[in-house]
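The lines below spell out each chain.
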Amino acid sequence: FNMNTTMDFMSTLRILKFDLFSDYDKTLAPVHYKGAFEQNFKENFSMMITYAKLTDVNERSMEFSFVLGMMLMYSDPRLTWNPAKYNNISHVYMTLDQVWFPNFHPCESSSITYLSTDGDQVAKIFPNGDIRTIRQAEIVYSCGFDTSLFPFDVQSCGLCFTLNGYDPNAFTFTATIDSGALATDMSEWRVTISNITTSFNYCAHDLCQSVLHYSIILARNPQFWIGLVIIPIFMLGFLILIGLFFSGQENLVKNAIDFGLTTMMSMMVVVGILNDSLSKIESIPCLGLFVLVQISVTSIAVITVLITDKMRRTLSVAANSKEHESSRWWLAVRSITRDERLLRNILFVIFALLHLANFVWLLTNQVR
């Protein structure tokens, strides 16, 4: 053949295609555990993730979505040729729907949307029968989220893929991740995909399935929750404590109840956010515990203010009636009851330390 012109090249290409596909059946898999085409032939299907973009995380339904680029590589010994007989053609491009393709699917997923059809997808075929193609797809995976450390949670999930119906003796399934692959984060989540994969074969009733997992880590960025939820709750709690213990005697009962109701209403907004954002799990998320403790501290502070005011008045009357006694107990009682500011300062310090301890406990979960 003369390769001087494009028409000559295309003529040679058509001859090669005719020779390859004249007796080719893409519905038949070229695998057999005894080796149908050569001694000990074993089909090897390998995949390599070329890029991964996290597009959505839904904690309520325990699902996350990835757009993946996957280079898929396998062999079909029926599609081999001697390049010397075809003017050194080193490879040909066909559409994927013209060649046999293994029964390859994602698993542990609820949906998959390929960005191109098999009729539009290019398959590159080499003289030794190797076939390579790249598929792009958006896949929705399921994952058992553990949100007990929310908003400082780190989720361990997996990208699952399977080959259905092939015997392990006739088929191997391997996977890697490209060293230059891009794992694109979302604003709230950081993504890490491990190059270490795990695989296993499951067989029942003479039918097998090869399953392979990539391990991925989804780490939440907590800055939004710290800046717009946690710190405002902490500051609001301090302001309420200041109002409770330094608002004076006038309308004490009304002020205490108002402060308590303000806290409850503010905290219930956060509870509503958590209810809409997270799935129902056995344990309360640490942010939920922080809010619960915040409500408890404020409620106890309100009750304490009311009780101590009543006790202060009662003890003041009792202490004044025992002016003649000089025991240390009554001297201490008189000093406290006479100076209302001292009592309130002591109570404020106690509840402020509880409030601060709750805040510090929450932030320590960030470094776990």
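Residues numbered from 1 in each chain as written. Predicted model: local features only at pLDDT ≥ 70, side-chain atom pairs only at ≥ 80, totals over all residues. Heavy atoms only, no water.

Taking an unreviewed UniProt entry as the reference, the chain is identified by name as Neurotransmitter-gated ion-channel ligand-binding domain-containing protein belonging to Pristionchus entomophagus. Entered under Subcellular location (unreviewed entry) in the UniProt record, the comment concerning the chain runs "Membrane". (UniProt positions renumbered as here; feature names shortened; annotations may be inferred.)

K.L.:
I'd like to hear about helix α1 (residues 6-21), residue by residue, with values.
P.N.:
With 16 residues, α1 extends 22 Å between its outermost C-alpha atoms, agreeing within 8% with the 22 Å of an ideal straight helix rising 1.5 Å per residue. Thr12, Leu16, Leu20 and Phe21 are the residues of α1 that are buried. Seen along its axis, α1 keeps its buried residues to an arc of 150 degrees; they face one direction. Turned more than 90 degrees from where α1 packs its buried face, Met7, Arg14 and Phe18 sit exposed. Looking at the buried positions of α1, the neighbouring elements they touch are β3 (92-95). (Helix = DSSP H or I, 4+ residues; strand = E, 2+ residues; numbered from the N terminus. Expected span 1.5 Å × (residues − 1). Buried < 20%, exposed > 50% of the residue type's maximum accessible area, 1.4 Å probe, protein only. Arc of directions from axis to C-beta. Contact = heavy atoms within 4.5 Å.)

K.L.:
Talk me through the state of the cysteines; I want residue IDs and the actual numbers.
P.N.:
Considering all chains together, one arrives at three disulfides under this definition. The side chain of cysteine 107 participates in a disulfide bridge whose partner is cysteine 160; the two sulfur atoms lie 1.7 Å from each other. What sets the handedness of the cysteine 107 and cysteine 160 disulfide is the S-S torsion sign, and at about -80 degrees it is left-handed. Taken together, the residues cysteine 107 in strand β4 (residues 104-107) and cysteine 160 in strand β8 (residues 154-164) connect sequence positions 53 residues apart. (Disulfide = S-S within 2.5 Å.)

K.L.:
Could you give an account of the layout of surface pockets, with specific residues and numbers?
P.N.:
Considered as a void within the structure, the largest pocket measures approximately 280 Å³ in volume. Together, 15 residues line the largest pocket, and Val271, Leu274, Asn275, Ile284 and Pro285 are the ones closest to its centre. For the lining of the largest pocket, the per-class residue count stands at ten nonpolar, four polar and one charged. (1 Å grid on protein atoms, 1.4 Å probe; cavity = no way out; pocket = protein on both sides within 12 Å on 5 of 7 lines; lining within 4 Å. Points joined across faces, edges and corners; volume = space filled by probe spheres on them. Nonpolar A, V, L, I, M, F, W, Y, C, P; charged D, E, K, R; others polar.)

K.L.:
Explain the UniProt feature "transmembrane region" (unreviewed entry) in the chain to me, and be specific about the residues and the numbers.
P.N.:
When the UniProt feature table is mapped onto this chain numbering, "transmembrane region" (unreviewed entry) sits at residues 224-245, 257-275, 287-307 and 342-363. Helix makes up 100% of residues 224-245 and strand 0%, with an end-to-end C-alpha separation of 31 Å. In residues 257-275, the share of helix is 100% and the share of strand is 0%. The end C-alpha atoms are 26 Å apart.

K.L.:
Any details on the environment of aspartate 97? Residues and values, ideally.
P.N.:
As for its position among the elements, aspartate 97 is in the loop between β3 and β4. With 24 residues separating them in the primary sequence, aspartate 97 and glutamine 121 have C-alpha atoms 7.9 Å apart. The residues contacting aspartate 97, other than those within four sequence positions of it, are Lys26, Asp118 and Gly119. Among the polar contacts made by the side chain of aspartate 97, one reaches the side chain of threonine 95 at a distance of 2.5 Å. (Polar contact = N/O pair within 3.5 Å; in protein donor to acceptor, adjacent residues only side chain to side chain.)

K.L.:
Which residues make up the environment of histidine 91, and what are the values?
P.N.:
Within the secondary structure layout, histidine 91 lies in the loop between β2 (63-75) and β3. With relative accessibility at 27%, the residue histidine 91 sits in the partly exposed group. Here the alpha-carbon distance between histidine 91 and isoleucine 131, two residues 40 residues apart in the chain, equals 9.7 Å. When residues no more than four places from it in sequence are discounted, the contact partners of histidine 91 are Trp81, Lys124, Ile125 and Phe126. Here the side chain of histidine 91 touches tyrosine 93 through a polar contact of 3.4 Å, side chain to side chain.

K.L.:
How would you explain the pattern of salt bridges if you had to name every residue and give the values?
P.N.:
Overall, the coordinates contain four salt bridges when judged by the stated rule. Among the salt bridges present, the one from arginine 78 reaches aspartate 76, with a minimum N-O distance of 3.0 Å. According to the relative accessible area criterion, arginine 78 is partly exposed, its value standing at 22%. Given a relative accessible area of 0%, aspartate 76 falls into the buried group. (Salt bridge = Lys/Arg side-chain N within 4 Å of Asp/Glu carboxyl O.)

K.L.:
If you had to explain the side chain of asparagine 221 to someone new, which residues and values would you point to?
P.N.:
Following the sequence through the fold, asparagine 221 ends up in the loop between β11 (207-220) and α2 (223-245). A polar side-chain atom of asparagine 221 sits 3.1 Å from the main-chain carbonyl oxygen of serine 187. When sequence neighbours within four positions are dropped, the list of residues in contact with asparagine 221 reads Met186, Ser187, Glu188, Trp189 and Arg190.

K.L.:
Account for the packing of aromatic side chains, with residues named and values stated.
P.N.:
For any two aromatic rings, the description comes down to two numbers: the centre-to-centre distance and the angle of the planes. Per the counting criterion, the structure on display carries 23 aromatic pairs. An angle of 90 degrees between the planes, with centres 6.2 Å apart, marks the rings of phenylalanine 161 and tyrosine 214 as edge-to-face. On the criterion of sequence distance, the pair formed by phenylalanine 161 in strand β8 and tyrosine 214 in strand β11 is long-range, its members being 53 residues apart. For the pair formed by phenylalanine 161 and tyrosine 214, the shared burial category is buried. Aromatic side chains phenylalanine 224 and tryptophan 225 sit 5.4 Å apart centroid to centroid with 90 degrees between the ring planes, which places their arrangement in the edge-to-face category. On the basis of relative accessibility, which here comes to 7%, the residue tryptophan 225 falls in the buried class. Geometry around tyrosine 114 places arginine 135 over its ring, the cationic atom sitting 4.2 Å from the centre. (Phe/Tyr/Trp six-rings, centres within 6.5 Å; stacked < 30°, edge-to-face > 60°. Lys NZ or Arg CZ within 6 Å of the ring centre and 35° of its normal.)

K.L.:
Explain the pairing of β11 to me, and be specific about the residues and the numbers.
P.N.:
The element β11 is largely enclosed, with a buried count of ten among its 14 residues. Where β8 lies against β11, eleven bridges are found, and the strand directions are antiparallel. Each bridged residue has a counterpart across the sheet, and for threonine 162 the counterpart in β11 is valine 211. Taken together, the 13 bridges between strand β10 (residues 189-204) and β11 define a ladder with antiparallel strand orientation. Counterpart to arginine 190 in the pairing with β11 is alanine 219. (Pairing = 2+ DSSP bridges.)

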